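Working through the structure, step by step
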Amino acid sequence: MTTNDPVPGFHVQAGKAADGPYAVDISPERAGWGYSSLRILELPPGGSHSLATGDSEWILLPLSGGCTVIAEGESFELHGRENVFSGVSDFVYLPRDSHAQIASGAGGRFALTGARCERRLPARYGPASAVPVELRGSGNCSRQVNNFGAAGVFECDKLIAVEVLTPGGNWSSYPPHKHDQCRPGEESELEEIYYFEIAEAHGNEGIGYQRVSPSGHGRGTDVLAEVRSGDTVLIPDGWHGPSIAAPGHDMYYLNVMAGPEEERAWLICDHPDHGWIRSTWPDQPVDPRLPLYQAPDQAPDQASEQAPGQGPDSASAGDPR
């Protein structure tokens, strides 16, 4: 059964946004905003699913397993991966106003990251080897970012999507930051979804924590959530971060962003009380556990830690994700 009922609050626990074949189904209507979407599709061995893209563009990203995607008269074979902690995945872009058939011989779980858009771009394949793997921060703020759908990396009309991996005990999405105002050249207006998976250890389920605090704009989003695998956090506005991984349990989250602005860019503003932490990073080594893995045939990049709005690539170099 399909539902357009709003999701319950900003922290959506696993199962609370399930709908039909989707373990998670967050549409703009259910989130109460204009652009960003996320679906988590679960297919059994030999399973298939038909997708109508409607008014949104989508990137289909394997979380576990591989699949075949037929769209726009082409067939795309996605090798996928064992799980989100085992390696970078290939992916496929699906344009708006299209249909796709997704099939998986061995079964798997697949993220559909979406954004309402105007332009209709071609369907195309994204190889794992082309995904920039970036290390951000240092010390216990070290984390890994897989920039598969970042602005300036892979062309979309509105959609921005990346993966973040945080070793157990570390903080990411720090310093707290926001992107809830249109300030040309300084800050973008972007709705955001965080989807979490937490690595098990010694047979035990892991946990993490996510903070969002009011910025004085928008809805006044205020969240302090204990997150587990399959949870999502919706961020229409506000300072978000830190995302904290409990010791012993690595944390993964998938970020999906989109907004109303013509320029597809990641421009953020650090929280004025916490941005100073960046100045301490050059004196600390990156966590030696990173990278957890890297794209095939690529070495990870050590990100520049400039302040937001500085440098030739400030949309990514200043992002604290």
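Refer to the structure printed above.
An account of the accompanying structure is given in this report. Keep in mind it's a predicted model, so treat the numbers as computed, not measured. (Residues numbered from 1 in each chain as written. Predicted model: local features only at pLDDT ≥ 70, side-chain atom pairs only at ≥ 80, totals over all residues. Heavy atoms only, no water.)

So, on to the overall build of the protein. Looking only at helices and strands, the protein has 2 helices and 25 strands in total. Whereas a compact globule of 321 residues would reach a radius of gyration of roughly 20 Å, the protein reaches 18 Å, a difference of no more than 12%. The C-alpha extent of the protein, read off along each of the three principal axes, is 50 × 40 × 35 Å. The buried share of the protein, taken over its 321 residues, is 58%. Within the protein, contacts between residues at least 6 apart in sequence are counted, and of these 74% link residues at least 24 apart. Carbon and sulfur atoms form 50% of the exposed surface of the protein, whose accessible area is close to 12,400 Å². (Helix = DSSP H or I, 4+ residues; strand = E, 2+ residues; numbered from the N terminus. Rg over C-alpha atoms; globule rule 2.2 N^0.38 Å. Buried < 20%, exposed > 50% of the residue type's maximum accessible area, 1.4 Å probe, protein only. Contact = heavy atoms within 4.5 Å. Areas by Shrake-Rupley, 256 points an atom, 1.4 Å probe, with all protein chains shown as cover.)

Mapped onto the elements of the fold, Gly149 is located in strand 12 (residues 143-149). You can call Gly149 buried: its relative accessible area is 0%. Sequence separation of Gly149 and Tyr93 is 56 residues, and the distance between their C-alpha atoms is 9.5 Å. If near-sequence neighbours (up to four positions away) are discounted, Gly149 is found in contact with Ile59, Phe154, Leu159, Ile160, Ala161 and Arg264.

For the rest of this paragraph, the subject is the side chain of Asp157. Inspection of the secondary structure assignment puts Asp157 in the loop between strand 12 and strand 13 (160-166). Accessibility expressed as a relative area gives 11% for Asp157, which makes it buried. In terms of polar contacts, Asp157 uses its side chain to reach the backbone amide nitrogen of Arg119, at 2.9 Å. (Polar contact = N/O pair within 3.5 Å; in protein donor to acceptor, adjacent residues only side chain to side chain.)

We now examine the pattern of salt bridges. For side chains bearing opposite charge, pairing can occur when the charged atoms are close. All chains considered together, the criterion is met by 20 salt bridges. Put simply, Asp287 and Arg289 hold a salt bridge, and the shortest N to O gap is 2.7 Å. A relative accessible area of 9% means that Asp287 is categorised as buried. With relative accessibility at 40%, the residue Arg289 sits in the partly exposed group. Here the residues in one salt-bridge network are Lys178, Asp180, Arg183, Glu186 and Glu187, joined through shared partners. (Salt bridge = Lys/Arg side-chain N within 4 Å of Asp/Glu carboxyl O.)

Let's shift gears to unusual backbone geometry. Excluding glycine, most residues fall at negative phi; most peptide bonds, likewise, are trans. Gly241 connects to Pro242 through a cis peptide bond whose omega is 5°. Secondary-structure assignment places Pro242 in strand 22 (residues 239-245). Put simply, Leu290 and Pro291 share a cis peptide bond, and its omega is -5°. You can see Pro291 is positioned in the loop between strand 24 (269-270) and strand 25 (301-302). Non-glycine residue Glu72 carries a positive phi angle of around 55°.

With that settled, consider empty space enclosed by the protein. Following the criterion strictly, the structure yields 1 cavity of 30 Å³ or more and no others. Estimated volume of the largest cavity: approximately 70 Å³. If you trace the largest cavity, you find 13 residues lining it, with Leu190, Gly259, Glu261, Glu263 and Arg264 closest to the centre. For the lining of the largest cavity, a count of residues per class yields 4 nonpolar, 2 polar and 7 charged. (1 Å grid on protein atoms, 1.4 Å probe; cavity = no way out; pocket = protein on both sides within 12 Å on 5 of 7 lines; lining within 4 Å. Points joined across faces, edges and corners; volume = space filled by probe spheres on them. Nonpolar A, V, L, I, M, F, W, Y, C, P; charged D, E, K, R; others polar.)

Judged by how many residues are buried, strand 3 (residues 36-43) sits mostly within the fold: 7 of 8 residues are covered. Across 4 bridges, the pairing between strand 2 (residues 22-26) and strand 3 is antiparallel. Bridge pairing links Tyr22 to Leu41 in strand 3. (Pairing = 2+ DSSP bridges.)

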